[in-house]
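# Close look at the chain arrangement
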Amino acid sequence: MPDDMDRATALTEALTADAIQAARPRGEGSPTCVVCGEDIPARRRETMPTARHCVRCLEAMEKARAR
Ligand SMILES: [Zn+2]
């Protein structure tokens with residue numbers, strides 16, 4: 001089984017969770033990545049207020065989308 005399959009599935013689930021979270025925003029606490037739970041740096045939120053993924057997960061998704 002190629003790893004890409006599992007990764008694609010995980011990314012799809014992550015995107016679904018992203019949509020759900022976007023529809024039901026939490027309070028303005030400390031936002032975390034919806035994929036891995038890492039804190040999203042405030043500096044990153046300033047440049048991209050809607051960011052709900054850490055840089056690492058975002059890059060992974062962008063790579064997946066580019067294919
Ligand atoms: Zn992440």
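Residues numbered from 1 in each chain as written. Predicted model: local features only at pLDDT ≥ 70, side-chain atom pairs only at ≥ 80, totals over all residues.

A word on the overall build of the protein. Helix and strand counts for the protein come out as 3 helices and 0 strands. When the 67 residues of the protein are sorted by exposure, 13% land in the buried category. Summarising the internal contacts of the protein: among those between residues at least 6 apart in sequence, 18% fall at separations of at least 24. (Helix = DSSP H or I, 4+ residues; strand = E, 2+ residues; numbered from the N terminus. Buried ≥ 20, exposed ≤ 12 C-beta atoms within 10 Å, placed from the backbone. Contact = placed C-beta atoms within 7 Å.)

For helix 3 (residues 55-66), which comprises 12 residues, the first-to-last C-alpha distance of 16 Å matches the rise-based estimate of 16 Å (1.5 Å per residue) to within 8%. In terms of burial, helix 3 is largely open, as just 1 of its 12 residues are buried. (Expected span 1.5 Å × (residues − 1).)

Here the protein shows a mean pLDDT of 80. Residues at 70 or above account for 82%. Here helix 1 (residues 3-23) is the element of the protein with the lowest mean pLDDT, 76, and helix 3 is the one with the highest, 90. (pLDDT = per-residue confidence, 0-100.)

Another point: the environment of Ala 60. Its place among the elements puts Ala 60 in helix 3. For Ala 60, a count of 18 C-beta atoms within 10 Å gives the class partly exposed. The spatial distance from the C-alpha of Ala 60 to the C-alpha of Leu 11 is 8.4 Å, given a sequence separation of 49 residues.

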